[in-house]
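# Residue-level structure breakdown
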Amino acid sequence: MVEQSFGVDTDALASFGGTAEGLAAEVGEVGTSTLAGVDSLPADAFGALGAEVGLTAAFQQAAKAQLDGVAAASTGLSGFAKAVSDAGGAYTEQQAQAKEDINRSYQV
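The text that follows walks through the structure, step by step, so that each part is easy to find.

Parameters and conventions
Residues numbered from 1 in each chain as written. Predicted model: local features only at pLDDT ≥ 70, side-chain atom pairs only at ≥ 80, totals over all residues. Heavy atoms only, no water. Helix = DSSP H or I, 4+ residues; strand = E, 2+ residues; numbered from the N terminus. Expected span 1.5 Å × (residues − 1). Buried < 20%, exposed > 50% of the residue type's maximum accessible area, 1.4 Å probe, protein only. Contact = heavy atoms within 4.5 Å. Polar contact = N/O pair within 3.5 Å; in protein donor to acceptor, adjacent residues only side chain to side chain. Salt bridge = Lys/Arg side-chain N within 4 Å of Asp/Glu carboxyl O. Patch = residues over 30% accessible without salt bridge, like charges linked within 9 Å, V, L, I, M, F, W, Y side chains within 5 Å. Areas by Shrake-Rupley, 256 points an atom, 1.4 Å probe, with all protein chains shown as cover. Phe/Tyr/Trp six-rings, centres within 6.5 Å; stacked < 30°, edge-to-face > 60°.

We now examine helix H1 (residues 10-35). Here H1 spans 37 Å end to end across 26 residues, near enough to the 38 Å set by a 1.5 Å rise per residue. When we look at burial in H1, the residues that qualify are Gly17, Ala20, Ala24, Gly28 and Gly31. The inward-facing, buried residues of H1 contact helix H3 (55-107). Looking at where H1 begins, the residue whose side-chain oxygen comes 3.2 Å from the main-chain nitrogen of aspartate 11 is aspartate 9. Positive phi shows up at glycine 37, right after H1, with a value of about 85°.

Structural data, given as structure tokens:
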């Protein structure tokens, strides 16, 4: 008979949560510092013709989308890191409660 069991490495979840949180902060910091200012070009950045045909405005809109995307990626990764860490904590609590329930059932 093959043993079937399920286990969770809560230390690994906590470690991953911490690592991912640090990565989220780094993505946000590097992304925003790298892209800082790209959405604030002067109206004539691409010359008079560029301003007339809307090239500057289009570039500013695209740059703003990039900044928003980096911020969203950082926020999403941070949320994922918290969820992973919380899952480890919830599993630990569940196991402790199950142990208490089993011990209590033997005392009856």
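Once the structure has been displayed, the description carries forward.
Summed over all chains, the structure comprises three salt bridges. Two residues, arginine 104 and aspartate 101, come together in a salt bridge whose shortest N-O distance is 2.5 Å. Of this pair, arginine 104 and aspartate 101 both sit in helix H3, three residues apart, which is roughly one turn of the helix.

This part covers a nonpolar patch on the surface. Nonpolar side chains collect at one region of the surface, where Phe46, Leu49, Val53, Leu55 and Phe59 lie side by side and expose about 500 Å² of accessible area between them. Elements supplying a minimum of two residues to the nonpolar patch: helix H2 (47-53) and H3. Along the chain, valine 53 falls in helix H2. On the accessibility criterion, valine 53 (60% relative accessible area) is exposed.

We now examine the packing of aromatic side chains. Taken as a whole and judged by the stated rule, the model has two aromatic pairs. Plain terms: the ring middles of phenylalanine 16 and phenylalanine 80 are 5.7 Å apart, the flat faces sit at 80° to each other, and that makes the pair edge-to-face. Taken together, the residues phenylalanine 16 in helix H1 and phenylalanine 80 in helix H3 connect sequence positions 64 residues apart. By relative accessible area, phenylalanine 80 is classed as partly exposed at 44%. Considering the side-chain rings of phenylalanine 46 and phenylalanine 59, the 5.7 Å spacing of their centres and the 65° angle between planes classify their relative orientation as edge-to-face. Separated by 13 residues along the polypeptide, phenylalanine 46 in the loop between H1 and H2 and phenylalanine 59 in helix H3 bring together distant segments of the chain. The partly exposed category is assigned to phenylalanine 46, whose relative accessible area is 39%. Residue phenylalanine 59 is classed as partly exposed on the basis of its relative accessible area of 37%.

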